[in-house]
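Descriptive analysis of the structure
Chain by chain, the residues run as shown.
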Amino acid sequence: MRHFKLLLIIILIFVFGCKNSSFDAKKEQKVPEKQTLGLDYAQGFRVKPTDNGYELEVFNPWQGAKNVNYKYKLIERQQLSKTDSAENAIPIPISRAICLSTTHIAYIDQLNSSATIVGVSGSDFVSSSAVRQLIREGKVSDVGYEQSINYELVLSLKPDVVFSYGVGAEAAGYLHKLHDLDIPVVFVGDYLETSPLGKAEWLKFFGAMLGREKMADSLFAVIESDYVATKSFVENCQTKPNVFINLPWNDTWYFPGGNSYMANLIRDAGGNYSLSHLDGNSSHPFSIESALVKGMEADVWINTGSAESLHEISSNFPQLKVLPVIKSGNVYNSVKRTNNLGGNDFYESGAVKPNLILKDLVKIFYPDSIEHELVYFQKLE
Amino acid sequence: MSLLSKNRSVVLFAVISVLLIVLFFIDTVLGSVLIPFSDVLEVLLGKGENAVYKTIILEFRIPKAIVAVLAGSALSVSGLQMQTVFRNPLAGPYVLGISSGASLGVAIVVLGVSASGFSSLSGLGTSFSLAAAAWIGAFVVLMVVLAVSLRVKDIMTILIMGMMFGSAASALVSVLQFFSSESMLKAFVIWTMGSLSSVAGMQLWVFGVAVLIGLVLSILSIPTLNVMQLGEGYAKTLGMNLTLARVMVFVSTSLLAGSVTAFCGPIGFIGIAVPHISRLMFRTASHSVLIPSVMLTGSVTLLLCDILAQLPGMESTLPLNSVTSLVGIPVVIYVVFRNRKFAGV
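Predicted, not measured: the structure shown is a model, and the values here were computed from it.

1. Description of the sheet that holds strand β4 (residues 89–92) of chain A
Residues and elements named next belong to chain A. The strand order β1-β2-β3-β4 describes an open sheet built from four strands, whose pairing is mixed. Of all the strands in the sheet, just β1 (45–50) and β4 have a single pairing partner and so form its edges. Strand-to-strand twist in this sheet, taken as the mean axis angle between neighbours without regard to direction, amounts to 25°. Strands β1, β2 (53–59), β3 (69–76) and β4 of the sheet are contacted by helix α7 (residues 202–210), whose axis makes an angle of about 145° with β2.

Below, the structure written as structure tokens:
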């Protein structure tokens, strides 16, 4: 029986292994490398140069989407004649953009183009000092959230494009409405990238939009080499710390899958994510009891939700006091760059600077390894 | 006949009490982490050395089972009181709008705080501030209901007023939900799903004392409840002080249902169903039998629901509210159809 199981596992590995590799091969065939902007990590988009601009494709831009893709034609502004107003045509470089997520702001900000932003969703949560300044000056408006978007304001801002995070097609009524108003909506699936560098690589997406492709390429190259260097620095560490993550909601503890963004960051920083066996990118609910058992082995605990002190954790969840990691105090939260209105830059500029997040984590996991002052994380007192 | 029914009651009380103890024990033994029976016994006898098992049993499971017993009694007693006072089989602990008031309190804390610019509480579902907010919400609704009931003679008017206040509170909650972010919505939705394990340490004492006071008030109300179920006109001719009787029942109900909502979230179904189950089992309308019987039956039912919600052996759990409904609805339908009086209606 045991042999049979082993055989079955081997067969399964072969079947799935083969399937994956053939899938990769197909993808490469379909996208001749010369014609596309070189993308090494991002899975969610593709930029193909055309005679008068780019063709932009966005794949599966929301959680659970399958075989969904959106094509947008980016056409150089001078060449955009009135007769040529094809569906989904966006004049580039864009000069007026509305960002429905703060990560979009981070990409644009990194490309020194924050003056392009004319509208944001939830201005309180913006961290970028440049954009905050523009909000104070009244040059950037708050267009509201999802269903409560202020359409009249959006129209009056005359945006070239609205950057939206993907939501299920059924729930996207407000996006249809924008479409009906002839405002191009572009889905940005950066938040679904499981590779931290893949998320940062969306810089190239915004580079194509803003006519700053070269800048995006060179910025990304710097981020990439820094990230890879930090990663290889800890790659050969023998004793990896066990890393525990998140805070329970009531009696349920949600853990990200073993191939999620956070899990990949922990792995690259030389940590051993306590629940790396969980599959995929989605989050998995655990009862607080079973979470406690997993947490007993943790050496480090990160991302403690809204808890900002050890006292806050132990007063709200007195049962967690038994965790050795609470006694040792190796508890860190990514809230160092939270503004007084609740916006957290970890979710904004952090998307573009995975190299800094990685350095934070390496410093936390191996305090004596590198000279680095924590940027996004802080130790809970 | 009377002797027969008395014997029947005694036997039933004995059976339910034994069941309560057995289920309390099962709830302590079973959970998503499989702990060998011998280890459970060791911990219970104070001999266990495994720190995790100790924490799980002494700080998760036993407090949770105690909360289940208290909340089960509280909801069932307040449901019975409301059914009697309003003489309506569909009344439950929440008809006075108490849970809606509590929800509004929680919604203001969870969803409204970010809008007002204070630091966010989302995710900290167990924080004492949530319970306090829920209590204040329930208390405000109670005050309004009491104010109305002092002026209004007809009990039906109070029922309607309670429902209207409840709807108004729900409408305000919707407004807050509409303007809140995803993570706050999640914190709020998870609160509405109900949970017995958020009550720990100091909170358990506060909860326990509040529920016990509510239960004592309801026991003191037994004679008036017996009269009130015959109708308010009859009660008046007996020279009863209706206003005082109402105030006592309303305060007790708010204390019971309000505390459960504050600490465990709005747990549905138990409060409506258990009084019916008790009435059919004990075949009596006397509150001196019904009140203790719903206390026991309510505790047993909620313990059973909690055991199921824990999905013993699995790493995940189910939301308590779904289990109370899924377990309870078939029971009530069965009970209702077996009973000729109800089936004939």
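Past the structure itself, the notes keep going.
2. Thoughts on the pairing of β1(A)
Across six bridges, β1(A) lies against β2(A) in antiparallel orientation. Residue Pro49(A) lies in a different strand from β2(A), and its bridge partner there is Tyr54(A).

3. Some words on the nonpolar core
As a rule of thumb, nonpolar side chains are buried together in soluble globular proteins. Core analysis: the biggest nonpolar cluster contains 118 residues, and Phe163(A), Phe205(A), Phe255(A), Trp301(A), Ile302(A) and Phe377(A) have the highest contact counts within it. In terms of residues, this core owes the most to one element, α7(A), which gives seven residues. If near-sequence neighbours (up to four positions away) are discounted, Ile302(A) is found in contact with Val243(A), Phe244(A), Ile245(A), Asn246(A), Met262(A), Ile266(A), Tyr332(A), Leu361(A) and Phe377(A). If you look at the next biggest cluster of nonpolar residues, it comprises 88 residues, including Ala71(B), Val211(B), Ile270(B) and Ala309(B).

4. Considerations on the packing of helix α8 (residues 202–220) of chain B against helix α11 (residues 242–264) of chain B
Residues and elements named next belong to chain B. Packing of α8 against α11 leaves a shortest axis separation of 8 Å and a crossing angle of 155°. Taken together, the axes of α8 and α11 lie roughly antiparallel to each other. For the element pair α8 and α11, the recorded crossing hand is left-handed. For the pair α8 and α11, the contacting residues are Gln203, Val206, Phe207, Ala210, Val211, Ile213, Gly214, Leu215, Leu217, Ser218 and Leu220 in the first and Met248, Val251, Ser252, Leu255, Leu256, Ser259, Val260, Phe263 and Cys264 in the second. Partitioning the contact of α8 with α11 into residue classes produces 15 nonpolar, five polar and no charged.

5. A short note on the sheet that holds strand β16 (residues 378–379) of chain A
All names here are of chain A. Overall, mixed pairing links the five strands, which are arranged β12-β10-β14-β15-β16 in an open sheet. Edge positions in the sheet fall to β12 (272–273) and β16, since each has one partner strand and no second. The pairing of strand β10 (residues 242–245) with strand β14 (residues 300–302) spans three bridges and is classified as parallel. From the neighbouring strand, Val243 faces β14, where its bridge partner is Val300.

6. Concerning the side chain of Lys64(B)
All names here are of chain B. Within the secondary structure layout, Lys64 lies in helix α3 (residues 51–86). Given a relative accessible area of 4%, Lys64 falls into the buried group. In terms of polar contacts, Lys64 uses its side chain to reach the side chain of Asp306, at 2.8 Å. Not counting residues within four places of it along the chain, the set of residues in contact with Lys64 comprises Asp27, Leu196, Ser197, Asp306 and Gln310.

7. Quick look at a nonpolar patch on the surface
Residue and element names in this part refer to chain B. Taken together, the side chains of Phe25, Phe37, Leu41, Leu44, Leu45 and Leu58 define a hydrophobic patch exposed on the protein surface, amounting to about 530 Å² of accessible area. When residues in the nonpolar patch are grouped by element, the largest group, three residues, is from helix α2 (residues 37–44). By the secondary structure assignment, Phe37 is in helix α2. Residue classification places Phe37 among the partly exposed positions, given a relative accessible area of 46%.

8. Points about the packing of aromatic side chains
Tallying each qualifying case throughout the model produces 27 aromatic pairs over all chains. Judged by centre distance (4.9 Å) and plane angle (50°), the rings of Trp202(A) and Phe205(A) are tilted. Taken together, the residues Trp202(A) and Phe205(A), both in helix α7 and three residues apart, mark about one turn of the helix. Exposure remark for Trp202(A): the relative accessible area of 0% places this residue in the buried category. With 6.3 Å between their ring centres and 20° between their planes, Phe86(B) and Phe250(B) make a pair best called stacked. Of this pair, Phe86(B) sits in helix α3 while Phe250(B) is found in helix α11, placing the two residues 164 residues apart along the sequence. Assessed through its relative accessible area of 0%, Phe250(B) is described here as buried. Following the ring pairs from residue to residue traces out a cluster consisting of Phe45(A), Tyr107(A), Phe163(A), Trp202(A), Phe205(A) and Phe206(A). In this arrangement the basic side chain of Lys199(A) is found over the ring face of Tyr261(A), its NZ or CZ atom lying 3.8 Å from the centre.

9. A short note on the pairing of β2(A)
Residues and elements named next belong to chain A. Of all the seven residues making up β2, six are buried; the element is thus mostly covered by neighbouring parts of the structure. Counted between consecutive antiparallel strands, the loop separating β1 from β2 contains two residues. In this structure, β2 lies alongside β3, joined through seven bridges in antiparallel fashion. Looking at the pairing, Gly53 lines up with Ile75 of β3.

10. Side note on the environment of Val110(B)
All names here are of chain B. Topologically, Val110 is positioned in helix α4 (residues 98–116). Residue class for Val110 comes out buried when judged on its relative accessible area of 5%. Distance in space between the C-alpha atoms of Val110 and Met184 is 6.3 Å, their sequence separation being 74 residues. Ignoring sequence-local partners within four residues, the contact set of Val110 consists of Leu130, Met184, Ala187 and Phe188.

11. Focus: helix α9 (residues 261–268) of chain A
Note on helix geometry: an α-helix contains 3.6 residues per turn, so any two residues three or four positions apart are oriented the same way. All names here are of chain A. By the criterion of burial, α9 is predominantly enclosed, with seven of the eight residues buried. Inspection of α9 places Tyr261, Met262, Ala263, Asn264, Leu265, Ile266 and Asp268 among the buried residues, and these make up the whole buried set. Of the residues one or two after α9, Gly270 is the one with positive phi, at around 80°.

About the criteria used
- Residues numbered from 1 in each chain as written.
- Chains lettered and ligands numbered in written order.
- Predicted model: local features only at pLDDT ≥ 70, side-chain atom pairs only at ≥ 80, totals over all residues.
- Heavy atoms only, no water.
- Pairing = 2+ DSSP bridges.
- Helix = DSSP H or I, 4+ residues; strand = E, 2+ residues; numbered from the N terminus.
- Axes fitted to C-alpha atoms, helices over the stretch in contact; angles between N-to-C directions.
- Contact = heavy atoms within 4.5 Å.
- Core = buried A, V, L, I, M, F, W, Y, C linked by side-chain atoms within 4.5 Å.
- Buried < 20%, exposed > 50% of the residue type's maximum accessible area, 1.4 Å probe, protein only.
- Parallel < 35°, antiparallel > 145°, perpendicular 65-115°, else oblique.
- Left-handed = near helix turned anticlockwise from the far one by under 90°.
- Nonpolar A, V, L, I, M, F, W, Y, C, P; charged D, E, K, R; others polar.
- Polar contact = N/O pair within 3.5 Å; in protein donor to acceptor, adjacent residues only side chain to side chain.
- Patch = residues over 30% accessible without salt bridge, like charges linked within 9 Å, V, L, I, M, F, W, Y side chains within 5 Å.
- Areas by Shrake-Rupley, 256 points an atom, 1.4 Å probe, with all protein chains shown as cover.
- Salt bridge = Lys/Arg side-chain N within 4 Å of Asp/Glu carboxyl O.
- Phe/Tyr/Trp six-rings, centres within 6.5 Å; stacked < 30°, edge-to-face > 60°.
- Lys NZ or Arg CZ within 6 Å of the ring centre and 35° of its normal.

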